[in-house]
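Results of the structural survey
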Amino acid sequence: MSLSIRQIGPDEAEIYRTIRLIALEGDPASFASDAQTERDRPLDWYAQGTRDAAIFVAFVDGQPVGMAGLFVPDRPKTSHIGTIFGLYVRPEQRRNGTAAALMDAVISLARTRVRQVHLGVAVDNCAALKLYHRLGFQTYGTEPRALHVDGRFIDEHLMVRFLDKEDR
Ligand SMILES: CC(C)(COP(=O)(O)OP(=O)(O)OC[C@H]1O[C@@H](n2cnc3c(N)ncnc32)[C@H](O)[C@@H]1OP(=O)(O)O)[C@@H](O)C(=O)NCCC(=O)NCCS
């Protein structure tokens, strides 16, 4: 098994669609977007997604096994904040350090562009919470009923990591 991680571009929209739909179908409670809506999106929408945000994909033997995204707003008053979204690793690839490696790649890019990174995570997502705590994220608030999935309300912890307060 050889793991590689890289940012993908608009010409790789099919890869983005593939791993994104696997994530939304496999773990609907972990994401605000829903599979049905994104399944119906044209390929161009995914290509635009790679322009609007930095999309990192993890590959094993050439196949996409995970992803994570970084969005940076262009409005001057909020452009110091990056939002990490869509972190996902396929079940058969989990507990191998893939998510940690994806987060490393995202945060390395974030260091060059923003001063802090934010993310949201379901309060009962123990695996992701443990990862984010390990990576130095702290909870600054909790959004009640952030998601409504299959008749269930899901609260989300809102987390931040201040990149400009760290020793590199
Ligand atoms: C959360 C998720 C991304 C972790 O991916 P992963 O590749 O298995 O994570 P890693 O192997 O890089 O684990 C890194 C650390 O995270 C923590 N962790 C990951 N999975 C865990 C689990 N099932 N239980 C407890 N801790 C876990 C551990 O601290 C782990 O370090 P360790 O293995 O040295 O103990 C993956 O389980 C997933 O895709 N879940 C569904 C989607 C999701 O929840 N995304 C996050 C949305 S906010």
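Data block above holds the structure.
First things first, this report covers the structure right here in the doc. (Residues numbered from 1 in each chain as written. Predicted model: local features only at pLDDT ≥ 70, side-chain atom pairs only at ≥ 80, totals over all residues. Heavy atoms only, no water.)

1. What to know about the overall build of the chain
- Counting secondary structure elements, the chain contains five helices and seven strands.
- Going from N to C terminus, the chain has its helices and strands arranged as β-α-α-α-β-β-β-α-β-α-β-β.
- Expressed as lengths along the three principal axes of its C-alpha atoms, the size of the chain is roughly 40 × 35 × 35 Å.
- Counting over 168 residues, the chain shows a buried share of 44%.
- If you take every contact in the chain between residues at least 6 apart in sequence, the share linking residues at least 24 apart comes to 61%.
- Accessible area for the chain stands at about 9300 Å²; split by element, carbon and sulfur atoms hold 49% of it.
- In the chain, which carries 21 positive and 22 negative side-chain charges, the distance between the mean positions of the two groups comes to 5 Å. (Helix = DSSP H or I, 4+ residues; strand = E, 2+ residues; numbered from the N terminus. Buried < 20%, exposed > 50% of the residue type's maximum accessible area, 1.4 Å probe, protein only. Contact = heavy atoms within 4.5 Å. Areas by Shrake-Rupley, 256 points an atom, 1.4 Å probe, with all protein chains shown as cover. Lys, Arg positive; Asp, Glu negative; His and termini not counted. Charge placed at Lys NZ, Arg CZ, Asp CG, Glu CD.)

2. Comments concerning the sheet that holds strand 7 (residues 152-162)
- The strand order across the open sheet formed by seven strands is 1-2-3-4-5-7-6, and the pairing between neighbours is mixed. At either end of the open sheet lies a strand with only one pairing partner, and these are strand 1 (3-8) and strand 6 (138-149). Taking the axes of each pair of neighbouring strands and ignoring which way they run, one obtains an average angle of 25° across the sheet.
- Note: strand 3 (residues 63-71) against strand 4 (residues 81-89), five bridges, orientation antiparallel. The residue of strand 4 that forms the bridge with F71 is T83.
- Here helix 5 (residues 126-134) sits on the sheet in contact with strand 4, strand 5 (116-122), strand 6 and strand 7, set at roughly 160° to strand 5. (Pairing = 2+ DSSP bridges. Axes fitted to C-alpha atoms, helices over the stretch in contact; angles between N-to-C directions.)

3. Quick look at the pattern of salt bridges
- For the structure shown, the criterion picks out ten salt bridges.
- Its salt-bridge partner being R152, residue D124 comes within 3.5 Å of it at the nearest N-O pair. Taken as a pair, D124 in the loop between strand 5 and helix 5 and R152 in strand 7 lie far apart in primary sequence, 28 residues in all.
- In this structure R152 comes out as partly exposed when scored by relative accessible area, which is 41%.
- One continuous salt-bridge network, built from bridges that share partners, spans R111, R161 and E166. (Salt bridge = Lys/Arg side-chain N within 4 Å of Asp/Glu carboxyl O.)

4. With respect to helix 4 (residues 98-113)
- A rise of 1.5 Å per residue sets the reference length of helix 4, with its 16 residues, at 22 Å; its end C-alpha atoms lie 23 Å apart and thus fit the reference within 8%.
- Residues of helix 4 that are buried include every one of T98, A99, A100, L102, M103, A105, V106, I107 and A110, and no others. (Expected span 1.5 Å × (residues − 1).)

5. Quick word on the environment of R39
- Residue position: R39 is located in helix 2 (residues 35-39).
- For R39, a relative accessible area of 37% gives the class partly exposed.
- Sequence separation of R39 and A68 is 29 residues, and the distance between their C-alpha atoms is 18 Å.
- Dropping the residues within four chain positions of it, R39 is found in contact with L21, E25 and Y46.

6. A short note on the nonpolar core
- Core analysis: the largest hydrophobic core is formed by 31 residues, its most contacted members being I84, M103, Y132 and F137.
- When contributions to this core are tallied by element, the ones reaching two or more residues are strand 2 (54-60), strand 3, strand 4, helix 4, strand 5 and helix 5.
- Tallying contributions element by element places helix 4 first for this core, with eight residues.
- Once residues lying within four places of it in the same chain are set aside, the contact partners of Y132 are L87, M103, L119, V121, F137 and M159.
- In this structure, I8, Y16, L21 and A53 belong to the second largest nonpolar core, which totals 17 residues. (Core = buried A, V, L, I, M, F, W, Y, C linked by side-chain atoms within 4.5 Å.)

7. Looking at the pairing of strand 4
- Burial of strand 4 is extensive: seven of the nine residues sit out of reach of the surface.
- In the sheet, strand 4 pairs with strand 5 via three bridges, with the strands oriented parallel. Considered in strand 5, the bridge of T83 is made with H118.
- Taken together, strand 4, helix 4 and strand 5 constitute a β-α-β crossover, and its handedness is right-handed. (Right-handed = clockwise from strand over helix to strand, strands pointing away.)

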